[in-house]
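Observations on chain architecture
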Amino acid sequence: MNDDLDDLSIYDMFRMEAEEQVEQLQSRLLALKDGEANEAALRSLMRGAHSLKGAARVVGLNAAVRLTHAMEERFVAAQEGRNLLQSEVDTMLRSVDVLRELSAISEDEVPAWSAAKEDTISTLIAELTGEPAVAEGLSAAEPKETIPSSEDQPKAAPETSEADRTTGDFNLRITSQRFDRIIAMSSDNLVQSQALVRLQEQMQRIQRRLERLVRSVADARRKGARDPEKQAAALAIIMRQGETDRARLGGLLHELDRMIHTHEANSERLHQEVLHARLRPFGDVVPNLRRLVRDISAEMGKRVSLVVTGERTEVDRDILEKLRAPLEHLLRNALDHGLESPAARVAAGKPEEGTIRLRAWHANGRLAITLDDDGNGVSISAVAERAIERGLVQQSTAALLSDAEILEFLFLPGFSTRTEVTEISGRGFGLDVVQSAVHESGGSVKIENRPGQGTTFHIVLPVTRSLMRVMRVEIENETYAIPLNRLSRIANVIVTSEPDGSATVEAGDTRVPVIHLMNALQSGGMLMQPGPATVLFLLSEKGHEAPIAFQIDRVVDDTTVAVRQLDPRLGRMAAIAAVTLTEQNVPLLIIEPDDVLRLAQQAQQRNVPSDPNADPTTVGRGSVLVVDDSGTVRQMLRRTLLRARYHVATAEHGAEAWNLLQIQHFDLLVSDVDMPEMNGIELVEHVRGNSRLSHMPIILLSYKGREEDRKRGLEAGADAYVTKGEFQEQAFLQVVTDLVGPAELPTPAGDPGEPA
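Residues numbered from 1 in each chain as written. Predicted model: local features only at pLDDT ≥ 70, side-chain atom pairs only at ≥ 80, totals over all residues. Heavy atoms only, no water.

1. Considerations on the sheet that holds strand β19 (residues 647–651)
Spatial strand order, β19-β18-β20-β21-β22: five strands in an open sheet with parallel pairing. Across the chains shown, the open sheet's two edge strands, defined by having one partner strand only, are β19 and β22 (720–723). Looking at each pair of strands side by side, their axes are set apart by 20° on average, direction ignored. By the bridge criterion, four bridges tie strand β21 (residues 698–702) to β22 in an arrangement that is parallel. What sits directly across from leucine 701, in β22, is valine 722. Together, β18 (623–627), β19, β20 (668–672) and β21 form the strand contacts of helix α18 (residues 631–643), whose direction differs from that of β19 by roughly 170°. Those strands touched by helix α21 (residues 707–716) are β21 and β22, and its axis lies near 145° from that of β22. (Pairing = 2+ DSSP bridges. Helix = DSSP H or I, 4+ residues; strand = E, 2+ residues; numbered from the N terminus. Axes fitted to C-alpha atoms, helices over the stretch in contact; angles between N-to-C directions. Contact = heavy atoms within 4.5 Å.)

2. Here we look at the sheet that holds strand β6 (residues 444–450)
Strands sit in the order β2-β4-β5-β7-β6 across an open sheet of five strands; the sheet is mixed. Whereas interior strands pair on both sides, the edge strands pair on one side only; in this sheet they are β2 (304–309) and β6. Pairs of neighbouring strands in the sheet enclose a mean axial angle of 15°, with direction left out of account. Across the sheet, helix α10 (residues 286–300) is in contact with β2 and β4 (354–363); its angle to β2 comes to roughly 165°. In this fold helix α11 (residues 317–338) packs onto β2, β4, β5 (366–373) and β7 (454–462), with an angle of close to 20° to the strand it touches most, β5.

3. Focus on the packing of α10 against α11
At a minimum axis distance of 10 Å, the contact between α10 and α11 shows a crossing angle of 25°. Between α10 and α11, the angle is such that the two are roughly parallel. Of the two possible hands of crossing, α10 and α11 adopt the one that is right-handed. Contact with α10, carried on its side by Asn288, Leu289, Leu292, Val293, Ile296, Ser297 and Met300, involves Arg324, Leu327, Glu328, Leu331, Arg332, Leu335 and Asp336 of α11 and no other residues of that element. Residues that form the contact of α10 with α11 fall into these classes: eight nonpolar, two polar and four charged. (Parallel < 35°, antiparallel > 145°, perpendicular 65-115°, else oblique. Left-handed = near helix turned anticlockwise from the far one by under 90°. Nonpolar A, V, L, I, M, F, W, Y, C, P; charged D, E, K, R; others polar.)

Structure (structure tokens):
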């Protein structure tokens, strides 16, 4: 620990302290907003300002010393009875913002920062002291304190470049209790290691005695030929020594087994403790969010309270850091778009003060976050009109879209229902940034709209990307890991073949379909056989048992693994979430349950026959795979193609489509561009990079109609690019015919316009 601190410059240590102190100052100042300051709160604020002033003095930051001194003096005055005004609290918060900047800049940037902030700091000091603002060099109000000269300062270590600072190194804060536990367990491990060394020495001594006994037996045999009585006596002595050593060895082996068990348990606890040191309380991001709500609501003339629950919910440090920007965007969105003005709220029969509720909790082993406001909700008609106006969708198509699908337009880059641009919103980056950041962290975001009553955003993320409890199962001589938090149960059942060729198993009072798990892991082709089988049931995203069973060969065990992300050069592997290493350092793939469930549903829709003589990879001539995350768009395209006598399969996103392309033949791929999991451009690149699929014709569809978007799609390898806003059924079918020719399939039975 000391070695790590020795590697830091004095300024680096100041930055660490400043980061911590400004967060505490901000949190305590915000607590003053709605209530009078008590003695304990003022004393805590004064100490924080004093500590920060002392740290700034050590590194020669005169501007920061002057500002923190003014803050400290004002807190002292408040302790003596001069109440803090709300305008002064606002000034304090602006001062905290200035000081926060120091924790984010390098030592080389300080002179330029000081010059740029000179007037701002002088103004803040004047507001706090009631004296005229004077430039730093002429300030008569400067505290009479000696600032150490540069000669008195310890020499700073060379400043790390920006590139070096972004390579993944960071300062990790852990509680003293957790640090004490880590030290104690490390000490226990050291003692146990020393005991193992002593045990090894005892066993080596027994080994040497046994070697001597073996030589003694050989000598006794040679001499026994001349004197059988001496041979018998010698062998009796050797046997007694051997029995003694055998008993001693048995005791040592028992002791070794006990020590190994203890050592493994302690090492596991230590491993868990170190990995959990990465977890931080969700409340770490709350002070900044409260500040944002306070400032923006005041600027807009709205009265808003932010109610937060679940501040102690633990989240991985990296995920928590990535959550800051999305949550800030959602709050801006709620303040500007969602919550009405006080007058409008009163007219609507609502309280004058609006409420935003932010909740974080653990659900099914994942982090669930909801951000809810009691505003006016989202105008579905306004979103649809804006989408039509921008040429993202035709009016006839928009009329077919559900409310949920129309709300998805809000996540498109640059989309906003506002016509004017303000400092708060109107540029259209908010929800696009939210979705991108959440997807990057392995999560999902959804909107729930209540017209006239408010909007709720639901975010689901992994708690940590470092540690996972899994069940290891064997499939076709390969071992895979399944997250335990998504595993409902494992059962031994009897597989039954149904008249339609499908296979089912009993699940409680009903029967559910069953497929081989390998069929969802890109291999496919595994046929279900009637008879006894081991199956597992997965939990859906909502925590309910999915109505489908997956056959496995056997259960290996359950264990905790350290999660490693897949090399990005491999691209997105459908049905695979991550990788870990076994005890033998063999890579072990961790299954993504959501992908498996979607692929299983698609397999059921295909209804592949169980006839062993049938070719499961052949669909027929004129087969088209339609990929779009909008159910309405998928069905519209499907019906259009079915009426033209093409065979159609569908997928919700690129990852699911890529799986289908591995196990099934298609003559044409029709894909959306903006999709979760794997977008259309990535899917095209995957197809063009595969020797078997590289010549498949591809049509891309998108709401983005700019020339650069079209060029990007065609350069990726698409044969045609169709804008959804300009979609015409006959023109689309002409493009299909030009690429693959007319369909050569029998007319589908029943009404082709109805979804399967």
